[in-house]
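# Descriptive analysis of the structure
Chain by chain, the residues:
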Amino acid sequence: MHVLMESGFTVLGQPITWAELIGQVFALAVVFLAQRRTLWTWPVQLVSVGLLFAVYVSAHLGGLAIRQVVVGLIAVYGWWAWTRRRDPVFGVAVRRATPVELGVVGAAYVAGTVAFALVLTALEASWAPWPDAAIFVGTVIAFAMQARGVVEFWLVWLVVDAVGVPLQIASGLWFSAVVYLVFAGLVVHGWMSWFRSARAQLAPV
């Protein structure tokens, strides 16, 4: 890990470590794999969070660093959960969220962001506690919904991307900012794919 953090290259005057590059490429691969609802989504995610944890600790973004730990735990759960929801026709079974679930998700996002931003501020763990907290809470919610096969997790990711791009740029993590923009395109495609799959699973045989 030390070698990956200390070495890298420069693009347009912006340094990129190998840890950031590999971690973000694997994070992109996770979105690609999630679209196809393959179990490989989760082990690839575990590799990504290990690398990005080190990157965000180095950038003094405590919320994003802690996010990697939580996402790693969710990835273990998701791996287990997806093995139990295999459909012989559609692969991993997915579904639309209910109105009540969407209300709970929205309330949890707002309350969680406020609470975690206050914690980061009190601990002086981040130079940008509010967007840092919004990304952390949104990521946890998105991965939890993904593990449960809820289609709307893709929409939560769009919110995370919208907050994440300017924060990554302000942190000097230009490559990560570009990756977040690519994420947004993949997220839209993933939403459409899961939406069609959920509708097909509800259709009468």
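Before any of the text, the structure's been laid out above.
Anyway, here's the lowdown on the structure attached to this text.

### With respect to the overall build of the chain
Check the secondary structure of the chain and you find eight helices and four strands. Element order for the chain, N to C, with α for helix and β for strand: α-β-β-α-α-α-β-β-α-α-α-α. In the chain, which comprises 205 residues, the proportion classed as buried is 46%. Across the chain, contacts joining residues at least 24 apart in sequence account for 70% of those joining residues at least 6 apart. When the accessible surface of the chain is split by element, carbon and sulfur atoms take 75% of a total near 9900 Å².

### Considerations on the pattern of salt bridges
Under the criterion given, the structure shown has two salt bridges. The salt bridge partner of Arg96 is Glu152, with a shortest N-O separation of 2.6 Å. Of the two residues, Arg96 is situated in the loop between strand S4 (91–92) and helix H5 (99–123) and Glu152 in the loop between helix H6 (129–147) and helix H7 (153–170); the sequence distance between them amounts to 56 residues. You can call Arg96 partly exposed: its relative accessible area is 38%.

### Here we look at the side chain of Ser193
Relative to the elements of secondary structure, Ser193 occurs in helix H8 (residues 174–202). Sequence-distant contacts of Ser193, defined by excluding residues within four places in its chain, comprise Gln35 and Arg37.

### Comments concerning the packing of aromatic side chains
One pass over the full model with this rule turns up eleven aromatic pairs. Judged by centre distance (5.7 Å) and plane angle (70°), the rings of Tyr180 and Phe183 are edge-to-face. Of this pair, Tyr180 and Phe183 are both found in helix H8, three residues apart, which corresponds to roughly one turn of the helix. Overall, the relative accessible area of 11% leaves Phe183 in the buried class. Aromatic side chains Trp191 and Phe195 sit 5.4 Å apart centroid to centroid with 40° between the ring planes, which places their arrangement in the tilted category. One end of the pair is Trp191 and the other is Phe195, both in helix H8 and four residues apart, which spans about a single turn.

### Focus: empty space enclosed by the protein
A full pass over the atoms with the stated rule returns one cavity of 30 Å³ or more. By volume, the largest cavity amounts to about 250 Å³. Lining the largest cavity we find 24 residues, and of these Ala27, Gln45, Phe143, Trp157 and Phe183 sit closest to its centre. If you list the elements that add at least two residues to the lining of the largest cavity, you get helix H2 (18–35), helix H3 (41–58), helix H4 (62–83), H6, H7 and H8. For the lining of the largest cavity, a count of residues per class yields 16 nonpolar, six polar and two charged.

### A short note on H5
Across its 25 residues, H5 extends 36 Å between first and last C-alpha, which sits within 8% of the 36 Å expected from 1.5 Å per residue. When we look at burial in H5, the residues that qualify are Tyr109, Thr113, Phe116, Ala117 and Leu120. Of the surrounding secondary structure, the elements contacted by the buried residues of H5 are H4, H6 and H7. After H5 finishes, the residue Glu124 shows a positive phi value of roughly 55°.

About the cut-offs
Residues numbered from 1 in each chain as written. Predicted model: local features only at pLDDT ≥ 70, side-chain atom pairs only at ≥ 80, totals over all residues. Heavy atoms only, no water. Helix = DSSP H or I, 4+ residues; strand = E, 2+ residues; numbered from the N terminus. Buried < 20%, exposed > 50% of the residue type's maximum accessible area, 1.4 Å probe, protein only. Contact = heavy atoms within 4.5 Å. Areas by Shrake-Rupley, 256 points an atom, 1.4 Å probe, with all protein chains shown as cover. Salt bridge = Lys/Arg side-chain N within 4 Å of Asp/Glu carboxyl O. Phe/Tyr/Trp six-rings, centres within 6.5 Å; stacked < 30°, edge-to-face > 60°. 1 Å grid on protein atoms, 1.4 Å probe; cavity = no way out; pocket = protein on both sides within 12 Å on 5 of 7 lines; lining within 4 Å. Points joined across faces, edges and corners; volume = space filled by probe spheres on them. Nonpolar A, V, L, I, M, F, W, Y, C, P; charged D, E, K, R; others polar. Expected span 1.5 Å × (residues − 1).

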